[in-house]
Amino acid sequence: MTLATGFVDAIRRVVGDAPQVGLHVPDIGEAEKRFVAECLDSTFVSSVGPFVTRFEEEIAAFTGARHAIAVSNGTSALHVSLVLAGVLPGDEVIVPSLSFIATANAVSHAGATPYFIDSDEETMGMSPAALEVALSSLRRDANGLTNPVTGNRVSAIVPMHTLGHPADILGLLTVADACGVPIVEDAAESLGSWVGEKHTGTFGLLGVLSFNGNKIVTTGGGGMILTDDPELARRAKHLTTTAKLPHAWEFEHDEVAWNYRMPNLNAAMGVAQLTKLDGYLAAKREIAARYAANFADIPGLTFMGEPAGTTSNYWLCAVRVDGADLELRDELLRASNDDGLQCRPFWNLLSEQRMYSSCPKGDLTVATRLHASVISIPSSPAILG
Ligand SMILES: *Cc1c(COP(=O)(O)O)cnc(C)c1O
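What you see is a predicted model; the values in this text were computed from it and never measured. (Residues numbered from 1 in each chain as written. Predicted model: local features only at pLDDT ≥ 70, side-chain atom pairs only at ≥ 80, totals over all residues. Heavy atoms only, no water.)

## Describing the overall build of the chain
Scanning the chain from terminus to terminus reveals twelve helices and 16 strands. Over its C-alpha atoms the chain spans a radius of gyration of 21 Å, differing by no more than 12% from the 21 Å that the globule rule assigns to 385 residues. Once the C-alpha set of the chain is aligned to its principal axes, its extents read approximately 70 × 60 × 35 Å. With 385 residues in all, the chain has 55% of them scored as buried. Contacts in the chain between residues far apart in sequence, at least 24 positions, make up 71% of those at least 6 positions apart. A total accessible area of about 15,800 Å² is found for the chain, and carbon and sulfur atoms account for 54% of it. Side chains of the chain give 27 positive and 44 negative charges; the mean places of these two sets differ by 3 Å. (Helix = DSSP H or I, 4+ residues; strand = E, 2+ residues; numbered from the N terminus. Rg over C-alpha atoms; globule rule 2.2 N^0.38 Å. Buried < 20%, exposed > 50% of the residue type's maximum accessible area, 1.4 Å probe, protein only. Contact = heavy atoms within 4.5 Å. Areas by Shrake-Rupley, 256 points an atom, 1.4 Å probe, with all protein chains shown as cover. Lys, Arg positive; Asp, Glu negative; His and termini not counted. Charge placed at Lys NZ, Arg CZ, Asp CG, Glu CD.)

Spelled out as structure tokens, the structure:
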């Protein structure tokens, strides 16, 4: 039996024999239809309406963040969070090279340049050791920390919780705090993931969630900014709603801002989805346990379990091909997709995307290896029926 056959069979033992099995299929049912219909009937379909506030309150309660501000998507949440963290045009922002394109694009939207660093083998998130290397190469001057090679100020760090597995955020905070550089957490993939008792996205100065169609909870499209700081929360709301000054009829705006508010129609769907989040999380833990058991005795393949001390939402379950062999990885991808199992590799490294290929970067040995060896496998809660 080839490794590819073993891979396909192990997935099939968990997902059953449906001809097509998606990577992560949204679960839309009666609750979504009821809340969206209620929203339509109210005529409050746009950015003002009770579902937006309710969705924000429920996300704040679930994550333990003091404030949650609903926006149009995860990318806009990251963009505004970077601006609020003090990122200015011409700055550099440290991000993991192994991430979805949105992490780097948000840095560009803020007028800054991404500085790519390596990931950690166990968490698949930004490596605290790599962060320490990057920060210790900077020069301290009147502006703060400057990259001596480019002459640009380094003003924020954006770790990402990869596939829902928490990064070593405590290790990263220790390194970042020692240099006084703020952390904005890209928690787009990690709603329902905790480090100890604290939710991902609530460790940094700001954190962001995404509710895109493939995420664990979807609003069609949507995002959320999390922060404990009341002033940052007030600014986040202001900047995402065109910076309009409150008045009964006058249109006065006090700065150039964005129309990034989440529409009530999307929030209605989010409120419905949240009633099912605990069920999704339980289902995904069970799916992960079944995969772990089925991959346990296949030499050459390792199921990626949650990092020690954390609870992962197992947004996308993933398997590592030992040896980081791109050809072998692609053979497994071909065999599984040919069999109707939607499996996906990691994103191409951000530092290798054409727009970002000349940006500053550190050593990327681990990110390169993870990219060549990790495959995401079908992870919808509906797999359990
Ligand atoms: C999904 C995602 C985002 C945000 O995506 P949107 O589609 O803009 O909501 C950001 N970063 C990562 C790592 C993501 O997976």
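## A word on the sheet that holds strand β14 (residues 317–321)
The strand order β12-β14-β16-β15 describes an open sheet built from four strands, whose pairing is antiparallel. The sheet is open, and its two borders are formed by β12 (301–303) and β15 (344–345), each paired with just one other strand. Pairing of β14 with strand β16 (residues 374–377) involves four bridges; the strand directions are antiparallel. Considered in β16, the bridge of R320 is made with V374. Helix α10 (residues 277–295) contacts β12, β14 and β16 of the sheet and is inclined by roughly 155° relative to β12. Sheet strands in contact with helix α12 (residues 365–373) are β14 and β16, and its direction is about 45° off that of β16. (Pairing = 2+ DSSP bridges. Axes fitted to C-alpha atoms, helices over the stretch in contact; angles between N-to-C directions.)

## A word on the UniProt feature "modified residue: N6-(pyridoxal phosphate)lysine" (unreviewed entry) in the chain
According to UniProt, the positions carrying the feature "modified residue: N6-(pyridoxal phosphate)lysine" (unreviewed entry) are K215. Within the secondary structure layout, K215 lies in the loop between β10 (206–210) and β11 (223–227). On the basis of relative accessible area, K215 is assigned to the buried category, the value being 10%. (UniProt positions renumbered as here; feature names shortened; annotations may be inferred.)

## Re the UniProt feature "active site" (unreviewed entry) in the chain
The positions UniProt marks with the feature "active site" (unreviewed entry) are K215. Ignoring anything within four residues of it in the chain, the contact list for K215 reads H24, A188, E189, S210 and W315.

## Some words on the sheet that holds strand β3 (residues 113–117)
On the basis of which strands lie adjacent, the open sheet formed by three strands has the order β3-β2-β6 and parallel pairing. Edge positions in the sheet fall to β3 and β6 (154–157), since each of these pairs with one other strand and no more. Neighbour to neighbour, the strand axes of the sheet diverge by 35° on average, direction disregarded. As paired elements, strand β2 (residues 92–96) and β3 share five bridges and run parallel to each other. Among the inter-strand pairings, I94 is bridged to a residue of β3, identified as Y115. Relative to the sheet, helix α5 (residues 101–109) contacts β2 and β3, its axis offset from that of β3 by approximately 145°.

## Overview of unusual backbone geometry
Unlike most non-glycine residues, L163 shows phi in positive territory, near 60°. By the element assignment, L163 lies in the loop between β6 and α7 (169–179). Using a relative accessible area of 2% as the deciding quantity, one classes L163 as buried. Even without being glycine, T242 reaches a positive phi, approximately 65°. The residue T242 is located in the loop between α8 (230–239) and α9 (264–274) in this model. The exposure class assigned to T242 is partly exposed, which follows from its relative accessible area of 32%.

## Section: helix α3 (residues 50–63)
With 14 residues, α3 should reach 20 Å at 1.5 Å per residue; the first-to-last C-alpha distance of 20 Å fits that figure. Of all the positions in α3, only F51, V52, F55, E56, I59, A60 and T63 are classed as buried. If you follow the buried residues of α3, they end up packed against α2 (30–42), β1 (67–71), β9 (198–199), β10, β11 and α9. G64 lies just past α3 and shows a positive phi near 80°. (Expected span 1.5 Å × (residues − 1).)

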